[in-house]
Amino acid sequence: MDEIDNKEEIIIEICSHCGKDVSWGSGLFVNRVPDFNDIFTRIANNRVFPLGDFVCRICDNPTDD
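If you're wondering where the values come from, they're calculated on a predicted model, not measured in any experiment.

Draft legend 1. Local environment of the packing of aromatic side chains. For the structure shown, the criterion picks out one aromatic pair. Between the aromatic rings of Trp-24 and Phe-29, the centroid separation amounts to 5.1 Å while the plane-to-plane angle is 80°, which identifies the pairing as edge-to-face. Relative accessible area serves as the criterion here: at 69%, Trp-24 is assigned to the exposed category. With a relative accessible area of 27%, Phe-29 lands in the partly exposed category. Between the NZ or CZ atom of Arg-32 and the centre of the ring of Phe-54, over which it lies, the distance is 3.9 Å.

As structure tokens, this is what we get:
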């Protein structure tokens with residue numbers, strides 16, 4: 001008998017750089033970019049919010065003022 005893996009993936013809808021909410025209705029939902037790195041890579045890359053699964057449009061396109 002085959003076992004079925006019922007592992008659910010929890011997606012945390014915050015920016016891994018700045019921690020802003022990128023969920024539906026936040027104003028940052030449309031242009032968010034998935035962060036495909038795992039949490040250990042995000043920690044190694046010194047992300048401030050390594051639990052976040054996305055990058056917001058502001059952090060994705062930083063401008064120098």
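Right, picking up where we left off after that structure.
Draft legend 2. Region of interest: the nonpolar core. Counting six residues, the largest nonpolar core is built from Cys-15, Val-22, Leu-28, Phe-54, Val-55 and Cys-56. In contact with Phe-54, not counting residues within four places along its chain, are Ile-11, Ile-12, Glu-13, Ile-14, Cys-15, Ser-16, Val-22, Arg-32, Val-33, Pro-34 and Asp-35.

Draft legend 3. Structural context of the layout of surface pockets. In this structure, the largest pocket occupies an estimated 210 Å³ of space. Glu-9, Asp-35, Asn-37, Arg-42 and Asp-53 are the residues nearest the centre of the largest pocket, which is lined by 15 residues in total. In terms of residue class, the lining of the largest pocket is made up of nine nonpolar, one polar and five charged.

Draft legend 4. Examining a nonpolar patch on the surface more closely. A grouping of Ile-10, Ile-12, Ile-39, Phe-40, Ile-43 and Leu-51 is seen on the molecular surface, where their side chains present a nonpolar patch of about 610 Å² in accessible area. By the element assignment, Ile-43 lies in helix 1 (residues 39-44). Under the relative-accessibility criterion, Ile-43 is labelled partly exposed at 48%.

Draft legend 5. Structural view of the side chain of Arg-42. Examined against the element boundaries, Arg-42 turns out to sit in helix 1. Other than its neighbours up to four places away in sequence, Arg-42 contacts Ser-16, Asp-35, Asn-37, Arg-47, Pro-50, Leu-51, Gly-52 and Asp-53.

Draft legend 6. Summary view of the state of the cysteines. For the coordinates displayed, the defined rule picks out zero disulfides. Cys-59 provides the cysteine sulfur closest to Cys-18, a residue in no disulfide bond, and the two sulfurs are 3.7 Å apart. According to the relative accessible area criterion, Cys-18 is partly exposed, its value standing at 29%. Of all cysteine sulfurs in the structure, the one in Cys-56 sits closest to Cys-59, which takes part in no disulfide; the separation is 3.7 Å.

How each quantity is defined
- Residues numbered from 1 in each chain as written.
- Predicted model: local features only at pLDDT ≥ 70, side-chain atom pairs only at ≥ 80, totals over all residues.
- Heavy atoms only, no water.
- Phe/Tyr/Trp six-rings, centres within 6.5 Å; stacked < 30°, edge-to-face > 60°.
- Buried < 20%, exposed > 50% of the residue type's maximum accessible area, 1.4 Å probe, protein only.
- Lys NZ or Arg CZ within 6 Å of the ring centre and 35° of its normal.
- Core = buried A, V, L, I, M, F, W, Y, C linked by side-chain atoms within 4.5 Å.
- Contact = heavy atoms within 4.5 Å.
- 1 Å grid on protein atoms, 1.4 Å probe; cavity = no way out; pocket = protein on both sides within 12 Å on 5 of 7 lines; lining within 4 Å.
- Points joined across faces, edges and corners; volume = space filled by probe spheres on them.
- Nonpolar A, V, L, I, M, F, W, Y, C, P; charged D, E, K, R; others polar.
- Patch = residues over 30% accessible without salt bridge, like charges linked within 9 Å, V, L, I, M, F, W, Y side chains within 5 Å.
- Areas by Shrake-Rupley, 256 points an atom, 1.4 Å probe, with all protein chains shown as cover.
- Salt bridge = Lys/Arg side-chain N within 4 Å of Asp/Glu carboxyl O.
- Helix = DSSP H or I, 4+ residues; strand = E, 2+ residues; numbered from the N terminus.
- Disulfide = S-S within 2.5 Å.

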